[in-house]
Amino acid sequence: MCDIALRKTFYYNNRMIDVDNTIYEKLNLVPKQPGVYIFKDDNPEILYIGKAADLNNRVRAYFSSYPDARAFINFLKPRIKHIDFMITDTEKEALLLENNLIKKYKPKYNIRLKDDKTYVHIRINAKHKFPGIYVVRRPTRDGSYIFGPYSSAYAARETIKLITRLFKLRTCSDAEFKNRIRPCLKYEINRCSAPCVNRISKDEYTNDVRKTKLFLEGKVDTVLKELRLHMKQEADKEQFEKATQIRDLLFNIEKTIETQKVELGKNIDADIFNLSKEGSTVVMNGLFIRSGQMINSLNYTFNNTMLEQEDLLSSAISQYYENGHFIPDVLYLPFDIPELDMIVKRLSDLKGRRVKVIIPEKGKNLELIRLSAKNASEFLHATLKNLESSKASIESLKQLLHLKNLPESLECFDNSNIMGTNSVSSMVRFENSMPVKAKYRHYKLLDIKKSDDYAMMHEVLSRRYADSIDVPSLIIVDGGKGQLSIAMAVLKELGITYPDVIGIAKARSEDGAGLNNQKVNKEEDRVYIPNRKEPINLEYNSEPLLFLKRIRDEAHRFAITYHRQLRSKTALRSELDGIPGVSEKRKRLLLSIFNSIDEIRHATPEEISKRTAIPINVANEIHEHLSI
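Okay, so let's go over this structure.

The rules we used
Residues numbered from 1 in each chain as written. Predicted model: local features only at pLDDT ≥ 70, side-chain atom pairs only at ≥ 80, totals over all residues. Heavy atoms only, no water. Pairing = 2+ DSSP bridges. Helix = DSSP H or I, 4+ residues; strand = E, 2+ residues; numbered from the N terminus. Axes fitted to C-alpha atoms, helices over the stretch in contact; angles between N-to-C directions. Contact = heavy atoms within 4.5 Å. Parallel < 35°, antiparallel > 145°, perpendicular 65-115°, else oblique. Nonpolar A, V, L, I, M, F, W, Y, C, P; charged D, E, K, R; others polar. Salt bridge = Lys/Arg side-chain N within 4 Å of Asp/Glu carboxyl O. Buried < 20%, exposed > 50% of the residue type's maximum accessible area, 1.4 Å probe, protein only. Phe/Tyr/Trp six-rings, centres within 6.5 Å; stacked < 30°, edge-to-face > 60°.

### Regarding the sheet that holds strand β8 (residues 133-136)
Whenever strands of a sheet pair, they do so through backbone hydrogen bonds, lying parallel or antiparallel. Across the sheet, which stays open at both edges, the three strands sit in the order β8-β7-β9 with antiparallel pairing between neighbours. In the strand order of this sheet, the two ends are held by β8 and β9 (145-150), each with one partner. Strand-to-strand, the axes of this sheet are offset by a mean angle of 20 degrees, without reference to chain direction. Sheet topology places strand β7 (residues 120-124) next to β9; four bridges connect them, and they run antiparallel. Residue pairing in the sheet places valine 120 in a bridge with tyrosine 150 of β9. Across the sheet, helix α5 (residues 153-166) is in contact with β7, β8 and β9; its angle to β8 comes to roughly 180 degrees.

In structure tokens:
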């Protein structure tokens, strides 16, 4: 990486351009080669990272004083005080480098396509002799077949359930497959063909994988045609049982097929992208067509972006496909985008054949572009409406709880322990009323010897705010006056005075809603604030109270989930304690191969030994110990 310095005037497209003293020399030294440019401010903090086939031409364009220069360039230009660049051998390498640098440095004015955990894919690990089928969050290009994206993990898992019912592909891990010596339950219920123990030949299984691939690609007609022919052949051979099985499979597939709303009439794979913008919020919509039929529509939201739509779409598309998504034959775009040739070369290289980009001007393809724009617009309006509602709740909360700050960022803490064991705490983070799961934290409490909620709260708050980094405007503790006092004491010890702090706790109350008008107990949520003896009783089911309960319940869920994980591991290990020959390493091995203690308990010593490579005499000890 080079960091160089510049000055004064130069000519760009026959126009004289004025720049300050620190920029001129740098512009003269930027090479006419492919690579990545990095703009920094005085601090120097990275402002923006971009790619170019010709770095010199691209960087100079930012300092053009044309009256029609794009708004983002005019906004960015006075802020640029340093220019770095990195040269690459090829344009494709520049595209990949830009994507990696954006992920690493998260520049202020770049957009980031943060869909790694939002959407899921279906993966078939094609390199295995008997491929399995799985739901994955982050697809990788390792030779596997990748299908999706799916906006719902539930929908993807239901699709896999359907695949196992129709084509009986395995869903076990490769390690489990390798060590199994008898069929699992899925074979018994006719949801797997048990290739692990050779209940199906490689050729037959490969054919099932091929039909699964066609099915997931939307080429259902091809699958049905093959199955009808196969059914007739089996019937002609008087193999009526086999023919009946194929008939049932045909029926199940036909019953499953949904009528598609869009039919291109072509056997192509295509992705269509368009944008909708209001203020600094932009939504990018993607429509995904496989084998001529639309299979999905996804939306990506970018907030507080200064980028022009052309630059945003260029960067978003680059990141989308670098994240491992399926690359189609054709991309339909609403307009030309910067460095389009570079993107096409990279996509073609990844796909292994030429990828076309079409900017439609008329006909059915233009209608698809408009449909994508309509989807983006509808999603944008719904998003902005939710933001307005959330902002109203936040402002109302500030007023009702007499807060110093508008609670645009807040963190909520919850503790969990059972009989004093595995004391843990969770912290959830919300910004502008939305959860920011990347900033959620679990804490395994170190200094707590028994159940002591006050001590637990003191420890977790002390650990979280010890460095005073990214302190929110509001801190919420799960509890009443006692927990609130602990929180205030910790912040005072750390010298932190600016956030608001509240406690939310359940309290018992009585009313006359019971049988024969008898008084019954019910739980109410009460909010405690500093320097006030009595709690603030927010109106039952009011928006501010529901908002606080939602955050508190999310923290509780997050803590309980972590506690159960720790407790489960402790319980599993405890049953293996004291068995001669079972070291910590062998415990980890057993728990990584077998799904539960019950599975180990019901395995024979020979099976335990074969699957784990543990000596047979130790396997006998394990079997005897767990059978008692």
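Here the narrative resumes, following the displayed structure.
### A closer look at the packing of helix α17 (residues 584-593) against helix α19 (residues 605-612)
Closest axis-to-axis distance for the α17/α19 pair is 10 Å, and the angle between their directions is 100 degrees. It follows that α17 is roughly perpendicular to α19 by the angle criterion. Residues Leu589, Leu590 and Ile593 of α17 form the contact with α19, whose participating residues are Ile608, Arg611 and Thr612. Of the residues contributing to the contact of α17 with α19, the split by class is four nonpolar, one polar and one charged.

### Side note on the sheet that holds strand β14 (residues 356-358)
One open sheet holds the five strands; their spatial order is β12-β11-β10-β13-β14, and the pairing between them is mixed. In the strand order of this sheet, the two ends are held by β12 (293-302) and β14, each with one partner. In this sheet, neighbouring strand axes are inclined to one another by 20 degrees on average, regardless of whether the strands run parallel or antiparallel. Sheet strands in contact with helix α11 (residues 309-322) are β10 (270-278), β11 (281-290), β12 and β13 (330-332), and its direction is about 140 degrees off that of β10.

### Here we look at the pattern of salt bridges
Applying the stated criterion across every chain yields a total of 30 salt bridges. Two residues, arginine 180 and glutamate 176, come together in a salt bridge whose shortest N-O distance is 3.1 Å. Its relative accessible area of 13% is what places arginine 180 among the buried residues. For glutamate 176, a relative accessible area of 15% translates into the label buried. Among the charged side chains, a salt-bridge network with shared partners connects Glu411, Arg429, Glu431, Lys439, Arg464 and Asp470.

### With respect to the packing of aromatic side chains
Two numbers describe a pair of aromatic rings. These are the distance of the centres and the angle of the planes. All chains considered together, the criterion is met by 17 aromatic pairs. Here the aromatic rings of phenylalanine 39 and tyrosine 62 are separated by 5.0 Å at their centres, their planes lie at 80 degrees, and the arrangement is edge-to-face. Linking phenylalanine 39 in strand β4 (residues 35-40) with tyrosine 62 in the loop between α2 (55-61) and α3 (71-76), this pair joins segments that are 23 residues apart in sequence. Aromatic side chains tyrosine 300 and tyrosine 320 sit 6.1 Å apart centroid to centroid with 80 degrees between the ring planes, which places their arrangement in the edge-to-face category. Taken together, the residues tyrosine 300 in strand β12 and tyrosine 320 in helix α11 connect sequence positions 20 residues apart. The exposure class assigned to tyrosine 320 is buried, which follows from its relative accessible area of 1%.

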